[in-house]
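What follows is the residue order along each chain.
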Amino acid sequence: MTKKQFQAESKRLLEMMINSIYSQKEVFLRELISNASDAIDKIYYKTLTDDTLTFDRSKYYIKLEADKENRTLSIIDTGIGMTKEELETNLGTIAKSGSLSFKKANEIDDEYDIIGQFGVGFYAAFMVADVVTVKSRALGSDEAYKWESSGADGYTIEPCEKEAVGTEIILELKENQDEEDYDQFLEEYRIKDIVKKYSDFIRYPIKMDVTKSKPKDDDSDEYVEYTEEETINSMVPIWRKNQNELTDEDYVNFYNEKRYGFDKPLKHIHIKADGTIRYDAILYIPETTPFDYYTAEYEKGLELYANSVLIMDKNGDLIPDYFSFVKGMVDSKDLSLNISREMLQHDRQLKLIEKNITRRIKRELLKMLRNDRETYEKFYDAFGRQLKYGVYSDFGAHKETLQDLLLFYSSTEKKLVSLEEYVERMPEDQKYIYYATGESNERIEKLPQTELVADKGYEILYFTDEVDEFAIKMLATYKEKEFRSVSSGDLGIDMEEEDKKAKQEADENKDLFAEMKKILDGKVKDVRVSKRLKTHPVCLAADGDISLEMEKVLNAMPNNQQIEAEKILEINPDHDVYRSLKSSFEKDKEKFALYTNLLYNQALLIEGMPIKDPVEFSNDICKVMN
């Protein structure tokens, strides 16, 4: 028996593979099981063209055997096996893929799956094993051979005894190190976990002797342990089944099994695509928000499978940020994977899938909005803020996708309404889509600025999320209708009589307003006669791009910035307070200054904005009371 050396290139590749290609050592089992599945597939494909062969599925399986005493893990298959030459070619030259060669030699169409087409997966075994032994007997041969290697030093091939056709891989596991626990790969629960995670949907049974317990006898409380062979994988993935075979309960069970969430999903979406790129997907819209959803720690992404083998736990490229709440998986036969199968060689494929998935999610959400409003509002309560962030982010690049999914509370309907519903109800003379901002619907209801718009019978949308106004500013228009805040200087309402009256009042009392502006220098841009107030004495309006609500939100951010809206103090000329203001201006300038500051601070309080000097405000109230 002569030890043979790997080719120089192969030796370097093996050293690199053992140390760096795979991100997690546990994937060695995924790779070896995938190879075993390929070996059985090859017999199946031969039966398609060889009339002397039959394929009895019950005879084909993969068996895992853990021997704790000798610290070995064996992966046994009943597949096609390898001849001495094939052992030399497939295992002696790294990256020489037997699966790929078989596929080409037999002109197997791409619609048939052969998982391991890289020829490097086998060598992942050296991440966990000091010695790897392969015993194999090829289909149609009476001879069996043993390939053995301790890694980059080379390998040996010699005849051996093996009764059945197929391959047995024996891993002599490495000794535990400070940060590496190799014993875990001999534990039943750990092996089952790895199979469940990566290889649950391999199409052939993966068997293992599992330890169980039973009462010693009928009347005994004592239990005895025994072992029983058990199939530890599901085999048939739910996404490969016909949708008419599946029930809602099947989808919910899959959601729970995959631990996508601890809630019951509001909706599932099952996709079978056969276009430019073929893929299956099952997507879920959860009912509740994950506890860390709006934090930097939350990681979005869908599970990515290639030919039913898990490649990535969370692939963020399959789903846009604004739909990051969607859970689920994608399985494709057409992905161009890199050598470790952990990354794609061509992200164009992912972009195509992501584009199709995004379009489908939007369609299903719109359908839910129109046909199952109660469920949609439950979804929106959990994830509506994310849709608004999506409108605002990337400079509004996604606003066309998301605008029809938005809901806001309506002043007239007293419930959530869509922008489409709002626009359909607009009277012909209404120029703008009106909105008001505040901490709650109850607070907005009492805002002085809403009086005029409400008095005209126009509907007002209530914005209570900090992102609402930023999103709407980015949206700018909906169905050619501009958005306009009730605090805006120009409300687009015909007010010829109010304009005339306000101008006359301002002209007659221009010195009063000039003095108020002087007293409030640095706090407001201007003091004006209000045309919008009906019952309230005072309010603040904003001039410019920064609204009052934006000022509050931006200044609450943890970067110590100080943003100020250009504030306009509006005074109601029909209120008793205004008459007191005029009287004090004529008779008592000190009292006039006191009233001016009080009115400004009252306007700040109404807006939910902080008063710069609460002590001074309290003293001013005491002066009035005295």
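Scroll up for the structure.
Notes on the structure follow. Numbers given for residues are sequential positions, taken from 1 along each chain in its written order. With the structure being a predicted model, the display of local features is reserved for residues of pLDDT at least 70 and the display and counting of side-chain atom pairs for 80 or more, all residues being used for whole-chain, interface and lining totals. The basis for every side-chain value is the complete set of non-hydrogen atoms in the structure, without hydrogens or water.

### Structural notes on the overall build of the chain
Here a helix means four or more residues in a row that DSSP labels H or I, a strand means two or more in a row labelled E, and each is numbered from the N terminus. Helix and strand content of the chain: 19 helices and 22 strands. At 36 Å, the chain has a C-alpha radius of gyration far larger than the 25 Å of a compact globule built from 626 residues. Across the 626 residues of the chain, 50% fall into the buried class. Note on areas: Shrake-Rupley, 1.4 Å probe, and residue coverage restricted to the protein chains presented here. If you sum the accessible surface of the chain, you get close to 31,700 Å²; carbon and sulfur atoms cover 44% of it. His residues and chain termini do not enter the charge count, which takes Lys and Arg as positive and Asp and Glu as negative. Positions of charges follow a simple convention, taking NZ of Lys, CZ of Arg, CG of Asp or CD of Glu. With 90 positive and 127 negative side-chain charges, the chain shows a spacing of 4 Å between the two charge centroids. Both definitions apply: the radius of gyration is a C-alpha atom measure, and the globule rule equals 2.2 Å times residues to the power 0.38. Exposure categories follow from relative accessible area, calculated using a 1.4 Å probe and restricted to protein chains: below 20% of the type maximum is buried, above 50% is exposed, and the middle band is partly exposed.

### Here we look at the packing of aromatic side chains
A pair of Phe, Tyr and Trp rings is counted when the ring centres sit within 6.5 Å of each other, with Trp represented by its six-membered ring. The angle between the planes then sorts it: under 30 degrees is stacked, over 60 is edge-to-face, the rest tilted. Summed over all chains, the structure comprises 35 aromatic pairs. Consider the rings of phenylalanine 28 and phenylalanine 185, whose centres lie 5.2 Å apart with planes at 85°: the pair is edge-to-face. With phenylalanine 28 in helix 2 (residues 27–49) and phenylalanine 185 in the loop between strand 6 (166–173) and helix 5 (188–198), this pair connects stretches of sequence that are 157 residues apart. For the residue pair phenylalanine 28 and phenylalanine 185, the accessibility class agrees, reading buried in each case. Ring centres of phenylalanine 408 and phenylalanine 463 lie 4.7 Å apart, and the angle between their planes is 45°; this geometry places the pair in the tilted category. Taken together, the residues span a long stretch of sequence, with phenylalanine 408 in strand 14 (residues 407–410) and phenylalanine 463 in strand 17 (residues 460–463) at a distance of 55 residues.

### Some points on the sheet that holds strand 14
DSSP bridges decide pairing: two strands pair if at least two such bridges lie between them. If you trace the 6 strands from one edge of the open sheet to the other, you get 15-14-17-16-19-18, paired in mixed fashion. Bordering the open sheet on either side are strand 15 (416–418) and strand 18 (477–478), each of which pairs with just one other strand. In the sheet, strand 14 pairs with strand 15 via 3 bridges, with the strands oriented antiparallel. Residue pairing for strand 15: tyrosine 409 is matched across the bridge by leucine 416.

### Digging into the packing of helix 18 (residues 589–607) against helix 19 (residues 614–625)
To obtain an axis, a line is fitted to C-alpha atoms, over the contacting stretch when the element is a helix, and the angle between two such axes runs from 0 to 180 degrees between their N-to-C directions. Relative orientation of the contacting elements helix 18 and helix 19 amounts to 125°, with a least axis distance of 10 Å. One finds that helix 18 runs oblique with respect to helix 19. By crossing handedness, the relation of helix 18 to helix 19 is classed as left-handed. Residues Leu594, Tyr595, Asn597, Leu598, Asn601 and Leu605 of helix 18 lie in contact with helix 19, whose contacting residues are Phe617, Asp620, Ile621, Lys623 and Val624. Each angle receives one of four descriptions, namely roughly parallel if under 35 degrees, roughly antiparallel if over 145, roughly perpendicular if within 65 to 115, and oblique otherwise. Left-handed is the label given to a crossing in which the near helix is rotated counterclockwise from the far helix by less than a right angle, and right-handed is the label when the rotation is clockwise. Whether two residues are in contact is decided by their heavy atoms, any of which lying within 4.5 Å being enough.

### With respect to the sheet that holds strand 22 (residues 566–571)
Ordered in space as 20-22-21, the 3 strands form an open sheet in which the pairing is mixed. Looking at the sheet topology across the chains shown, the edges are occupied by strand 20 (526–529) and strand 21 (538–543). Adjacent strand axes in the sheet meet at a mean angle of 30°, parallel and antiparallel pairs treated alike. Where strand 20 lies against strand 22, 4 bridges are found, and the strand directions are parallel. Bridge pairing in strand 22 links valine 529 to isoleucine 571.

### A look at a negative patch on the surface
Every patch collects residues that have over 30% relative accessible area and no salt bridge, joining them within 9 Å if they carry like charges and within 5 Å if they are nonpolar side chains (Val, Leu, Ile, Met, Phe, Trp, Tyr). Any carboxyl oxygen of Asp or Glu within 4 Å of a side-chain nitrogen of Lys or Arg constitutes a salt bridge here. Together, Glu428, Asp429, Asp494, Glu496 and Glu497 make up a region of like negative charge exposed at the surface. Its relative accessible area of 51% is what places aspartate 429 among the exposed residues.

### Notes on the nonpolar core
Counting residues in hydrophobic clusters, the biggest one holds 72 residues, and the most contacted among them are Phe323, Ile357, Leu365, Tyr376, Leu387 and Tyr434. Ranked by the residues each element gives to this core, the list is headed by helix 7 (residues 347–371), at 8 residues. Setting aside anything within four residues of it in sequence, one finds leucine 365 in contact with Ile285, Phe323, Phe325, Tyr376, Phe379 and Leu405. For this analysis, a nonpolar core means a set of buried residues of the types Ala, Val, Leu, Ile, Met, Phe, Trp, Tyr and Cys, connected via side-chain atoms within 4.5 Å. Membership of the second largest hydrophobic core comes to 63 residues, among which are Phe6, Tyr60, Val128 and Val132.

### Some words on the side chain of glutamate 459
With respect to the helices and strands, glutamate 459 occurs in the loop between helix 12 (451–455) and strand 17. Any pair of N or O atoms that falls within 3.5 Å is considered a polar contact. Within protein, one atom must be able to donate a hydrogen and the other to accept it, and sequence-neighbouring residues count only if both atoms are side-chain atoms. A polar atom in the side chain of glutamate 459 sits 2.9 Å from the side chain of arginine 425. In contact with glutamate 459, not counting residues within four places along its chain, are Ser410, Ser411, Thr412, Glu413, Val417, Tyr422, Arg425, Gln430 and Tyr434.

### Re the pairing of strand 2 (residues 72–77)
Across the 6 residues of strand 2, 6 count as buried, placing the element largely inside the fold. Every second residue of strand 2 is oriented toward a common face, with Thr72, Ser74 and Ile76 on one face and Leu73, Ile75 and Asp77 on the other, all of them buried. As paired elements, strand 1 (residues 62–67) and strand 2 share 6 bridges and run antiparallel to each other. Following the sheet pairing, aspartate 67 is matched in strand 2 by threonine 72.

### Quick notes on unusual backbone geometry
Residues other than glycine predominantly adopt negative phi, and peptide bonds predominantly adopt the trans conformation. The phi dihedral of methionine 235 is positive, around 75°, even though this residue is not glycine. Mapping methionine 235 onto the fold places it in the loop between strand 8 (223–231) and helix 6 (248–257). The partly exposed category is assigned to methionine 235, whose relative accessible area is 24%. Positive phi outside glycine occurs at aspartate 394, with the angle close to 50°. Position of aspartate 394 relative to the elements: it lies in the loop between helix 8 (373–392) and helix 9 (399–402).

### Examining the packing of helix 13 (residues 468–475) against helix 16 (residues 548–555)
To describe two helices that pack against each other, one gives the angle between their axes and the distance between the axes. At their nearest, the axes of helix 13 and helix 16 sit 9 Å apart, and the two run at 120° to each other. When the interaxial angle is binned, helix 13 and helix 16 end up oblique. Note that helix 13 runs across helix 16; the crossing there is left-handed. Contacts between helix 13 and helix 16 involve Glu469, Phe470 and Lys473 on the former and, on the latter, Glu549, Met550, Val553 and Leu554.

### Remarks on the pairing of strand 1
Here strand 1 folds back onto strand 2, and the loop between the two strands holds 4 residues, one of which, arginine 71, carries a positive phi near 55°. Two strands pair when backbone bridges link them, and strand 1 and strand 7 (residues 206–215) are joined in this way by 3 bridges, in the parallel orientation. Its bridge partner lying in strand 7, isoleucine 62 is registered against isoleucine 206.

### Some remarks on the environment of tyrosine 61
The residue tyrosine 61 is located in the loop between helix 2 and strand 1 in this model. Taking the C-alpha atoms as reference, tyrosine 61 lies 7.9 Å from isoleucine 40; in sequence the two are 21 residues apart. Sequence-distant contacts of tyrosine 61, defined by excluding residues within four places in its chain, comprise Ile40, Ile76, Asp77, Thr78, Pro205 and Lys207.

### Focus on the pattern of salt bridges
Evaluation of the coordinates by the stated rule reveals 58 salt bridges. Taking the shortest distance from any N to any O, the salt bridge between lysine 25 and glutamate 180 comes out at 3.5 Å. Of this pair, lysine 25 sits in the loop between helix 1 (8–21) and helix 2 while glutamate 180 sits in the loop between strand 6 and helix 5, and the two are 155 residues apart along the sequence. In this structure lysine 25 comes out as partly exposed when scored by relative accessible area, which is 26%. Lysine 267 is paired through a salt bridge with glutamate 364; the nearest N and O atoms lie 3.5 Å apart. One end of the pair, lysine 267, is in strand 9 (residues 267–274); the other, glutamate 364, is in helix 7, and 97 residues separate them in sequence. Glutamate 364 sits in the buried class, given a relative accessible area of 6%.

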